[in-house]
Amino acid sequence: MNIAFFLLPKNDVVTVTLDSTLRQTLERMEFHRYTAVPIISQDGAYVGTVTEGDLLWHMKNSGGKINFETASKFLLKDVPLKMDIKPVRIDADMEDLINLAKVQNFVPVVDDRGRFIGIVRRSQIIEYCEKFVTRNVLESNK
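Residues numbered from 1 in each chain as written. Predicted model: local features only at pLDDT ≥ 70, side-chain atom pairs only at ≥ 80, totals over all residues. Heavy atoms only, no water.

Chemist: Tell me about the UniProt feature "domain: CBS" (unreviewed entry) in the protein chain, and please be specific about residues and values.
Modeler: Following the UniProt record, the feature "domain: CBS" (unreviewed entry) maps to residues 7-66 here. Across residues 7-66 one finds 33% helix and 25% strand; the C-alpha atoms that close the span lie 36 Å apart. (UniProt positions renumbered as here; feature names shortened; annotations may be inferred. Helix = DSSP H or I, 4+ residues; strand = E, 2+ residues; numbered from the N terminus.)

Chemist: Which residues make up the sheet that holds strand S1 (residues 8-9), and what values do they have?
Modeler: Judged by pairing direction, the sheet is mixed, and its 4 strands sit side by side in the order S1-S7-S6-S5 without closing on themselves. Two strands in the sheet have a free side with no partner beyond their single neighbour: S1 and strand S5 (88-89). (Pairing = 2+ DSSP bridges.)

Chemist: Hey, could you go over the pattern of salt bridges for me, with residue numbers and the actual values?
Modeler: Under the counting rule described, the total for this entry stands at 4 salt bridges. Measuring nitrogen to oxygen at the nearest pair gives 2.5 Å for the salt bridge that ties Lys86 to Asp84. Lys86 sits in the partly exposed class, given a relative accessible area of 40%. By relative accessible area, which is 58% here, Asp84 ends up exposed. (Salt bridge = Lys/Arg side-chain N within 4 Å of Asp/Glu carboxyl O. Buried < 20%, exposed > 50% of the residue type's maximum accessible area, 1.4 Å probe, protein only.)

Chemist: So what's going on with the pairing of strand S6 (residues 106-110)? Which residues, and what values?
Modeler: In terms of residue burial, S6 counts as a mostly covered element, since 5 of its 5 residues are buried. In S6, alternate side chains face the same way, and those of Phe106, Pro108 and Val110 on one face and Val107 and Val109 on the other are all buried. Taken together, the 2 bridges between S5 and S6 define a ladder with parallel strand orientation. From the neighbouring strand, Arg89 faces S6, where its bridge partner is Val110. Pairing analysis gives 5 bridges linking S6 to strand S7 (residues 116-121), with the strands arranged antiparallel.

Chemist: Outline the layout of surface pockets, supporting the account with residue identities and numerical values.
Modeler: Approximately 230 Å³ is the volume found for the largest pocket. Considering the residues around the largest pocket, the lining is formed by 13 residues, among which Tyr34, Ala36, Phe106, Ile119 and Arg121 are closest to the centre. The set of elements that each furnish at least two residues to the lining of the largest pocket consists of strand S3 (36-40) and S7. Counting residues per element, the lining of the largest pocket draws most heavily on S3, at 3 residues. Of the residues that constitute the lining of the largest pocket, the class distribution is 9 nonpolar, 2 polar and 2 charged. (1 Å grid on protein atoms, 1.4 Å probe; cavity = no way out; pocket = protein on both sides within 12 Å on 5 of 7 lines; lining within 4 Å. Points joined across faces, edges and corners; volume = space filled by probe spheres on them. Nonpolar A, V, L, I, M, F, W, Y, C, P; charged D, E, K, R; others polar.)

This is the structure in structure tokens:
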């Protein structure tokens, strides 16, 4: 199956850039109630995914320099990302998508130039697998 079928396009995905401040990032995540969001470069390339944990650990390890009041003075590009959330290319097969979804809440999707084009949510992959298994069970019971 083509993974484009599952794609939530980039226009519908909350993203941040490396030049976003920590406060902007935190506020976007809070407003949308997300624990992780993709980071996109100025030219549209997928850079990585920032998590709440990345932001909290960075603030904790700042020696008190960064708190919610001062977070607007610090940029996301200075935050180390603890998890390496890997993307798939749009022409990847379902096996690649499923393998990444086992350890990621969503899988970023890029085109052949590495440009971010959207995400596939793990919940969509689970629904697909459920339908596949149910269909196979029904066919084997005939």
